[in-house]
Amino acid sequence: MNKSELVASIAKKSGLSQAQSADALNAFISTVGEALQAGDSIALVGFGTFAVKERAARTGRNPQTGEEMQIPASKVPNFKAGKGLKDAVNPAPKKAPAKGKKK
């Protein structure tokens, strides 16, 4: 699903127009970006958590020449899925019916 398909789905499920849905999605994306830039995390219970992780400086290799090079430390955005989202992707298997009780 791409962004325009997501906007159409939001519009259909929320009753908003596609323009309103696009504005809401853009506002969400912008807000998440601004919060992560400020060093905050965003936790949406049942969905997941957006956060920033620190990546340490390290030595890497140029794949073309094999020459070693220093890769500087950086911050990277991270998303950790919540239980509700994990359960939606991996629904629990249905339990087999219980057998008769032993006497």
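Small disclaimer: the values here were computed from a predicted structure and weren't measured.

Enquirer: A description of the domain arrangement of the protein chain should follow, citing residues and the corresponding values.
Expert: Structurally, the protein chain comprises domain 1 (1-38) and domain 2 (41-91). Between the C-alpha centres of domain 1 and domain 2 there is a distance of 23 Å. The interface of domain 1 with domain 2 comprises 5 residues on the first partner and 6 residues on the second. Summing the contributions of domain 1 and of domain 2, the shared interface buries around 450 Å²; its carbon and sulfur component is 91%. Of all residues in domain 1, F28, V32 and L36 bury the most surface against domain 2, accounting for 85% of the area lost on that side. The interface formed by domain 1 and domain 2 holds 0 salt bridges in total. Counting the contacts that link domain 1 with domain 2 gives 0 residue pairs in polar contact (both at pLDDT 80 or more). Tallied by class, residues from the side of domain 1 that touches domain 2 come to 4 nonpolar, 1 polar and no charged.

Enquirer: Would you mind going over helix α2 (residues 18-37) in detail, with residue names and values included?
Expert: With 20 residues, α2 extends 28 Å from end C-alpha to end C-alpha; this agrees with the ideal 28 Å at 1.5 Å per step. Along α2, the residues that are buried comprise S21, L25, V32, A35 and L36. Along the axis of α2, the buried residues cluster in a sector spanning 100°; they form a single face. In α2, the exposed residues that point more than 90 degrees away from the buried face are A19, D23 and Q37.

Calculation rules
Residues numbered from 1 in each chain as written. Predicted model: local features only at pLDDT ≥ 70, side-chain atom pairs only at ≥ 80, totals over all residues. Heavy atoms only, no water. Domains from an automatic or database assignment. Contact = heavy atoms within 4.5 Å. Buried area = accessible area lost by both parts, 1.4 Å probe. Salt bridge = Lys/Arg side-chain N within 4 Å of Asp/Glu carboxyl O. Polar contact = N/O pair within 3.5 Å; in protein donor to acceptor, adjacent residues only side chain to side chain. Nonpolar A, V, L, I, M, F, W, Y, C, P; charged D, E, K, R; others polar. Helix = DSSP H or I, 4+ residues; strand = E, 2+ residues; numbered from the N terminus. Expected span 1.5 Å × (residues − 1). Buried < 20%, exposed > 50% of the residue type's maximum accessible area, 1.4 Å probe, protein only. Arc of directions from axis to C-beta.

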